[in-house]
Amino acid sequence: MLDKVNQLLQKTGLLKKGGGEDKMSKRKEKGLMSARERIEELLDRNTFNEIDLFVEHQGRDFGLDKQKLAGDGVITGFGKIDGRPVCVFAQDFTVAGGSLGRMHAAKITKVMDIASNMGIPVIGINDSGGARIQEGVDSLAGYGEIFYRNTINSGKIPQISVIMGPCAGGAVYSPAITDFVFMVNKLSKMFITGPKVIESVLNEKIDPESLGGARVHNEITGNAHFFAESEKEALSQIKELLSFIPSAWNKPLPEKKPKNPKTKKKIEDVIPEDTKLSYDIRDLIEILVDDSYFFEVQKLFAPNVTVGFARMDGKPVGIIANNPKFLAGVLDVDSSDKAARFVRFCDSFGIPILTLVDLPGYLPGIDQEHYGVIRHGAKLLFAYSEATVPTVTVIIRKAYGGGYIAMASKHLRTDFVYAWPTAEIAVMGPEGACNIIFAKEIAESKDPEATKQAKIAEYKDKYSNPYNAASKAYVDAVITPEQTREMIITSFDVAKDKQIVIKQHKHDSIPL
Amino acid sequence: MDDIIKIDDAEYRTSYTKKYSQNKFSPPKIKKTEIRAFIPGQIIDIFVDKAKKVKAGSVILTFEAMKMINEITLEYDVEIKEVMVSPGDLVEKNQVLVKYKQIKK
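Given the structure is predicted, the values throughout are model-derived calculations rather than measurements.

**As for the overall build of chain A**
When you go through chain A residue by residue, the secondary structure sums to 21 helices and 17 strands. For 512 residues, the compact-globule estimate of 2.2 N^0.38 gives 24 Å, and the C-alpha radius of gyration of chain A, at 26 Å, lies within 12% of that figure. Going through the 512 residues of chain A one by one, you find that 55% of them count as buried. Contacts in chain A between residues at least 24 apart in sequence constitute 73% of all its contacts with a sequence separation of at least 6. A total of about 23300 Å² of accessible surface is found on chain A, and carbon and sulfur atoms cover 56% of it.

What follows is the structure, encoded as structure tokens:
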């Protein structure tokens, strides 16, 4: 008995060395964590249970049959984060470059299936050179099996990807389908075709970092949701994200003890009354939420709309807010995509949605029109319209035109819509409206500028306020800034057991 | 926050994002006097010379891009003014390949 147990320990010990001590120590010299260290850093201490350590590849060609690959280049299993169970896999770059073969993929899909059956999140730590070419089409089949599960599990369990090395070619599509992608500065790379292919085919030169580094995907493409300076930072961001979301779509939200906002900032100091002046909406969010703590998602991408998680009365909420600090808080191609995706995530997982509105409309421009702002903007309307979680909207200042409708207006079945006395709910701003309605009058008057200003003042007085919309019941109440936090909390409490009509058709057809 | 965005005749003070200020979008202008590379690639063969008259639809040059050999033709009769590239040349996107003059009927 003892002999056999010792034999087991010996075998496991060897396999846990991955690609061997040489490769491991080289990694260490570069300051990189090993795949196993990453898992240990992510999970609660001593909670990791590995499975499939003894799995071997089944490659028969190109000399692969003579090679042993420890764990087939990926470590899989389950453990706990803040006491909650999760499934996890980490590709091991020291074993055949973390390349994905059939059994490597089978290990990953096994933990994905466990996560799906148990209703717990799955976290993938990606660090792989790509398909294992020697295994041919089996390797592609492996990717396909992963992508399929990513898709059918979408909206059922949270799926999180962290890129901690290269992730190229078809491999990028698994992270792309998951809910959140974390990237590490100067370490993570994502692209469909790498710099070498681009140069040989198109004669265009670019280095991997400028092509698909963490900054590029966080700032420009929007493929990534979180930017970290180090591996440790990325792993701690994942833990924090999980503290706001449920383990599965039908499981309770992780609540904490309610806390009052701790910021000393005051609403009247933060928000300028002149609607043409900007401010940072995050200052207002801090004033409204528990402990003044806001966990921002996609901070660097399309900052004209701010999205993220916070707690109110101890319960998680998803916040979508126009941010006048950037591009006047307009909706454009990127900000519509960003907001729509976040709304759909919150709706899938039962996280109540708070929307803060202050926008002059859509961004004008040839580029926006030609990049398809119509179909991108449509996604946001669509996402809000189909959302059935509790929703509360507060109109802070400007809510003009199509932007007003899209930002969770009453017309899209938002549960409670409130407006501040500073709100201006109208088809367009006073200047634009007067230039159209009173064009003739202004042009024909003796002093066109004076007439224009008089008309603008008149329009502002009559229409640039919340009372017109309130008189038609398009806003449920006009509230003071001081009341706002209490009103939001009460409204979410009223809506928490909201009745949902389940659709009888297959699924919608969102304009992508 | 010194940047300004104009929407519906009103100017809003805000700050531009990097992506917004770097946006160099302009609709493509197609001049009917030159053939440009629509994608980076390599010239394979050229079938015209200076001063040659070419019928609409006949192949002017072949151009390899994205592992595909493309035959470049024009939809009107032209007289070739200048050939700017030779077979084997690697060309960048938007590089001028051939200059021509349309022959009016």
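**Let's talk about the overall build of chain B**
Helix and strand content of chain B: 1 helix and 10 strands. Ordered by position from N to C terminus, the α and β elements of chain B give β-β-α-β-β-β-β-β-β-β-β. For a compact globule of 105 residues, the expected C-alpha radius of gyration is about 13 Å, and chain B comes in at 20 Å, more than 25% above that figure. Its C-alpha atoms give chain B principal-axis dimensions of about 60 × 35 × 20 Å. A buried classification covers 31% of the 105 residues belonging to chain B. Entry remark: accessible area of chain B is about 7100 Å², with carbon and sulfur atoms responsible for 49%. Charge centroids of chain B, computed over 20 positive and 16 negative side chains, lie 4 Å from each other.

**Concerning the pattern of salt bridges**
Residues and elements named next belong to chain A. Counting across every chain of the model gives 35 salt bridges over all chains. Between D127 and R38 there is a salt bridge whose closest N-O contact spans 3.0 Å. Taken as a pair, D127 in the loop between strand 4 (122-126) and helix 5 (137-153) and R38 in helix 3 (residues 35-42) lie far apart in primary sequence, 89 residues in all. As far as the burial class goes, D127 and R38 line up, both buried. When the shortest N-O distance is used, the salt bridge between K410 and D476 registers 2.8 Å. Taken together, the residues K410 in the loop between helix 16 (401-406) and strand 15 (416-419) and D476 in the loop between helix 20 (467-471) and strand 17 (477-478) connect sequence positions 66 residues apart. You can call K410 partly exposed: its relative accessible area is 22%.

**Observations concerning the nonpolar core**
By size, the foremost hydrophobic cluster in this structure holds 64 residues, and its most contacted members are F309(A), I320(A) and I395(A). No fewer than three residues from each of domain 1 (13-242) and domain 2 (267-428 + 465-495) of chain A sit in this core.

**So, empty space enclosed by the protein**
All names here are of chain A. Taken as a whole and assessed by the stated rule, the structure comprises 3 cavities of 30 Å³ or more. Empty space within the largest cavity amounts to approximately 170 Å³. Among the secondary structure elements, those contributing two or more residues to the lining of the largest cavity are strand 3 (84-91), helix 4 (102-118), strand 4, helix 5, strand 5 (159-163) and strand 6 (166-168). Counted by class, the lining of the largest cavity contains 13 nonpolar, 9 polar and no charged residues. Estimated volume of the second largest cavity: approximately 90 Å³. Lining the second largest cavity we find 14 residues, and of these L15, G18, R36, I75 and D92 sit closest to its centre. Of all the elements in the fold, those that place two or more residues in the lining of the second largest cavity are helix 3 and strand 2 (74-81). For the lining of the second largest cavity, the class distribution of residues is 8 nonpolar, 2 polar and 4 charged.

**Quick look at a nonpolar patch on the surface**
A cluster of nonpolar side chains, M1(A), V5(A) and L9(A), forms an exposed patch at the surface whose accessible area comes to about 350 Å². The class for M1(A) is exposed, based on a relative accessible area of 82%.

**Describing the interface of chain B and chain A**
In this assembly, 25 residues from chain B lie in contact with 33 residues from chain A. Each partner contributes to the roughly 2600 Å² buried at the junction of chain B and chain A, and carbon and sulfur atoms together form 64% of this total. There are 2 salt bridges connecting chain B and chain A. When the shortest N-O distance is used, the salt bridge between E219(A) and K18(B) registers 3.0 Å. Remark: the boundary between chain B and chain A carries 14 residue pairs in polar contact (both at pLDDT 80 or more). For the side of chain B that touches chain A, the secondary-structure elements that each account for two or more residues are strand 1 (3-7), strand 2 (10-14) and helix 1 (18-21) of chain B. Among the residues forming the side of chain B that touches chain A, the class breakdown is 13 nonpolar, 4 polar and 8 charged.

**Re the environment of L211(A)**
Residues and elements named next belong to chain A. The topology assignment puts L211 in helix 8 (residues 208-212). Residues L211 and M190 lie 21 residues apart in sequence; the distance between their C-alpha atoms is 8.2 Å. Among all residues touching L211, those that are not within four sequence positions of it are F191, T193, G194, P195, I198, I206 and V216.

**A closer look at the sheet that holds strand 9 (residues 90-91) of chain B**
All names here are of chain B. Ordered in space as 7-6-4-9, the 4 strands form an open sheet in which the pairing is antiparallel. Both outer strands of the open sheet, strand 7 (68-72) and strand 9, are each paired with one neighbouring strand and no more. Pairing of strand 4 (residues 41-46) with strand 6 (residues 61-65), which is carried by 4 bridges, proceeds in the antiparallel orientation. Bridged to I43 within strand 6 is F63.

**Concerning the side chain of T484(A)**
All names here are of chain A. Examined against the element boundaries, T484 turns out to sit in helix 21 (residues 484-495). Among the residues examined, T484 registers a relative accessible area of 0% and is labelled buried. Looking at T484, its side chain comes within polar contact range of the side chain of W420, at 2.9 Å. Apart from residues lying up to four places away in sequence, T484 is in contact with L288, V394, W420 and I479.

About the criteria used
- Residues numbered from 1 in each chain as written.
- Chains lettered and ligands numbered in written order.
- Predicted model: local features only at pLDDT ≥ 70, side-chain atom pairs only at ≥ 80, totals over all residues.
- Heavy atoms only, no water.
- Helix = DSSP H or I, 4+ residues; strand = E, 2+ residues; numbered from the N terminus.
- Rg over C-alpha atoms; globule rule 2.2 N^0.38 Å.
- Buried < 20%, exposed > 50% of the residue type's maximum accessible area, 1.4 Å probe, protein only.
- Contact = heavy atoms within 4.5 Å.
- Areas by Shrake-Rupley, 256 points an atom, 1.4 Å probe, with all protein chains shown as cover.
- Lys, Arg positive; Asp, Glu negative; His and termini not counted.
- Charge placed at Lys NZ, Arg CZ, Asp CG, Glu CD.
- Salt bridge = Lys/Arg side-chain N within 4 Å of Asp/Glu carboxyl O.
- Core = buried A, V, L, I, M, F, W, Y, C linked by side-chain atoms within 4.5 Å.
- Domains from an automatic or database assignment.
- 1 Å grid on protein atoms, 1.4 Å probe; cavity = no way out; pocket = protein on both sides within 12 Å on 5 of 7 lines; lining within 4 Å.
- Points joined across faces, edges and corners; volume = space filled by probe spheres on them.
- Nonpolar A, V, L, I, M, F, W, Y, C, P; charged D, E, K, R; others polar.
- Patch = residues over 30% accessible without salt bridge, like charges linked within 9 Å, V, L, I, M, F, W, Y side chains within 5 Å.
- Buried area = accessible area lost by both parts, 1.4 Å probe.
- Polar contact = N/O pair within 3.5 Å; in protein donor to acceptor, adjacent residues only side chain to side chain.
- Pairing = 2+ DSSP bridges.

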